[in-house]
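# A closer look at the structure
In case you want the letters, here they are:
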Amino acid sequence: MKNAYKIRLVVAGIVFLLVILGFVGVFYPIKVLDLQFAPLLQRVFVDFSVIALILLLAIVVVTAIFGRFYCSTICPFGFLHEVMALIFRRKNKAIKNYPVKYFIMALTFGALAGGSAVVLRYIEPYTLFGSAVTVSIFGLVTTLVVLAIVFFKNRFFCTNICPVGALLGLISKFSLCKISINKEQCVTCGMCEKNCPSGCINSKEKAIDNETCVRCLKCLGVCPKGGISLGKSPKTEEKFSLKRRQLIIATTVVAVFGSMIKTGLVLKDKLVEKVKDIILPAGAVNKDRFANKCLNCNLCVENCPNKILVKADEKFPAVHIDYEQGKKLCKFDCKKCGEICPSGAIKCLTLEEKQNTRIGMAMIIEDKCNHCNACSGACPKGAIIKIEGKAPILNAQKCIGCGACKATCYHEAIEIFSVKEQKEI
């Protein structure tokens, strides 16, 4: 057990590296981002997926048996906290367990259950990390604020703010295997407490709060007497009981969760009322669904081979297609965005389905056309009919709005307009 911390750190480092490579669009064959808790939960809540349910249950089962290993090993934001804490070399202090995290959890997952991931975008660790790595202003600012908290309170975000951590912490509190102190071997040297980044160890009372413990396993290696272990806890520890204060908090949290479901339903309908001409990637279905499902992690933006996907802006609150930035098009033989989207916001279509999904509609502006007919040769669906000496004619029944014709036209004689609902033609 002395080397458990080092082994866990190496595994977490490998996962972190794979996440970074995925976000910068360099290497993503090992889809570690499909193991992120919040995107998995969204797939189950909003757009049911059997695979997502299995993976989600796997995380829950591992947590129920061993505790919050997800937070220390799989979560990239959690590992970033750990790295920054090592750089800062701050002295660890006890961190109080504040009940406000349960209300944050209820607000976040309540809105998600109502059908909107809008709240999730602003507090969930995976999304914050992704938006920061992809140089999104909100993600960068929020991450800097959180890292400032690390400087003063180490993993305070993980133990008292993070909604995912709050949920997994409740499961971890009653896990089968806990970190515990052998009171007979313990000499009360305080080394475990000084090295605990979560501030969950009380060396004087020889007690560990397994709810806030993120299973970094650092304490196992620093104990000079080997008095700390991960295993089946003594029968005297952690018996389930609700005191009056805890019962009030639990009841209030449930009430907040219920009210946020209704709020999520309202957000779902109100979010994009004023948005009109937005073109979305194939598999997004429509702007209402996509605006409420996209986490704005920007993984698809960084991995788009033609770079036609752009981040959320004043035009639309989620990722979308922009044909105006240079001569770019949605590649006819590419379905990368649907393959890598961890939240299910972009459905994973087969290549045939993607090639027949209408995401927009082209329009030829005859006054600007010089009759070169380059667009007719560029259209992969044969939707533009060449006519010698005249402007070509668009067969609207075949057009999917891929933008190939617009990218070919050097006279700005073609525009691509959005469609209300994506449909397979």
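Notes on the structure in this doc start here.

Cut-offs used in this document
- Residues numbered from 1 in each chain as written.
- Predicted model: local features only at pLDDT ≥ 70, side-chain atom pairs only at ≥ 80, totals over all residues.
- Heavy atoms only, no water.
- Salt bridge = Lys/Arg side-chain N within 4 Å of Asp/Glu carboxyl O.
- Helix = DSSP H or I, 4+ residues; strand = E, 2+ residues; numbered from the N terminus.
- Buried < 20%, exposed > 50% of the residue type's maximum accessible area, 1.4 Å probe, protein only.
- Axes fitted to C-alpha atoms, helices over the stretch in contact; angles between N-to-C directions.
- Parallel < 35°, antiparallel > 145°, perpendicular 65-115°, else oblique.
- Left-handed = near helix turned anticlockwise from the far one by under 90°.
- Contact = heavy atoms within 4.5 Å.
- Nonpolar A, V, L, I, M, F, W, Y, C, P; charged D, E, K, R; others polar.
- Pairing = 2+ DSSP bridges.
- Phe/Tyr/Trp six-rings, centres within 6.5 Å; stacked < 30°, edge-to-face > 60°.
- 1 Å grid on protein atoms, 1.4 Å probe; cavity = no way out; pocket = protein on both sides within 12 Å on 5 of 7 lines; lining within 4 Å.
- Points joined across faces, edges and corners; volume = space filled by probe spheres on them.
- Expected span 1.5 Å × (residues − 1).

## Here we look at the pattern of salt bridges
This model, assessed by the stated rule, comprises 6 salt bridges. For R8, the salt bridge goes to E82, with nearest N and O atoms at 2.6 Å. One end of the pair, R8, is in helix α1 (residues 4-23); the other, E82, is in helix α5 (residues 76-88), and 74 residues separate them in sequence. Neither R8 nor E82 differs from the other in exposure class; each is buried. Ionic pairing is found between E324 and K406, a salt bridge with its closest N-O pair at 3.6 Å. One end of the pair, E324, is in the loop between β6 (320-321) and α17 (336-340); the other, K406, is in helix α20 (residues 404-408), with 82 residues separating them in the sequence. Note on E324: relative accessible area 55%, which makes it exposed. Residue class for K406 comes out buried when judged on its relative accessible area of 13%. Through salt bridges with shared partners, a single ionic network connects E324, K406 and E415.

## Quick word on the packing of helix α2 (residues 37-45) against helix α3 (residues 50-66)
Close contact between α2 and α3 brings their axes to 9 Å; oriented N to C, the two are set at 135 degrees. Regarding the angle of α2 to α3, the classification is oblique. Where α2 crosses over α3, the handedness of that crossing is left-handed. Along its contact with α2, which presents F37, L40, L41, R43 and V44, the element α3 presents A52, L53, L55, L56, I59 and V60. Here the residues of the contact of α2 with α3 sort into 10 nonpolar, no polar and 1 charged.

## Observations concerning the environment of C334
In this structure, C334 sits in the loop between β6 and α17. For C334 and L17, which are 317 residues apart along the polypeptide, the C-alpha to C-alpha distance reads 26 Å. Beyond its immediate stretch of four places on either side in the chain, C334 contacts P305, L351 and K354.

## Section: the side chain of R289
For R289, the position within the fold is in helix α15 (residues 287-293). On the accessibility criterion, R289 (15% relative accessible area) is buried. Those residues in contact with R289, other than ones at most four positions away along the chain, are D47, G283, A284, G344, A345 and K347.

## Let's talk about the pairing of strand β7 (residues 357-364)
The element β7 is largely enclosed, with a buried count of 6 among its 8 residues. Pairing of β7 with strand β10 (residues 414-424) involves 7 bridges; the strand directions are antiparallel. Across the sheet, the residue bridging to I364 is I414, located in β10.

## As for the packing of aromatic side chains
Under the criterion given, the structure shown has 10 aromatic pairs. Ring centres of F37 and Y70 lie 6.3 Å apart, and the angle between their planes is 65 degrees; this geometry places the pair in the edge-to-face category. Separated by 33 residues along the polypeptide, F37 in helix α2 and Y70 in helix α4 (residues 69-74) bring together distant segments of the chain. Given a relative accessible area of 6%, Y70 falls into the buried group. Here F88 and F151 contribute two aromatic rings whose centre-to-centre distance is 5.2 Å and whose plane-to-plane angle is 85 degrees, an arrangement assigned as edge-to-face. Of the two residues, F88 sits in helix α5 while F151 sits in helix α9 (residues 137-153), which places them 63 residues apart along the sequence. For F88, a relative accessible area of 26% gives the class partly exposed.

## Concerning the packing of α5 against helix α8 (residues 125-133)
Orientation of α5 relative to α8, taken along the N-to-C sense of each, is 70 degrees, at an axis distance of 8 Å. As far as their axial angle goes, α8 and α5 are roughly perpendicular. Contacts between α5 and α8 pair P76, F77 and L80 from the former with P125, L128 and F129 from the latter. Looking at the contact of α5 with α8, its residues break down into 6 nonpolar, no polar and no charged.

## A look at the layout of surface pockets
Considering only enclosed or pocket space, the second largest pocket measures out at about 290 Å³ in volume. Contributing to the lining of the second largest pocket are 16 residues, with Y122, F138, N296, A312 and P317 lying nearest its centre. Taken together, the elements giving at least two residues each to the lining of the second largest pocket come down to α7 (118-121), α8 and α9. If one sorts the elements of the lining of the second largest pocket by residue count, α9 sits on top with 3 residues. In terms of residue class, the lining of the second largest pocket is made up of 8 nonpolar, 6 polar and 2 charged.

## Quick word on helix α14 (residues 244-270)
With 27 residues, α14 should reach 39 Å at 1.5 Å per residue; the first-to-last C-alpha distance of 39 Å fits that figure. If you check which residues of α14 are buried, you get I249, V253, V256, M260 and G264. On its buried face, α14 sits against α6 (100-113) and α7.

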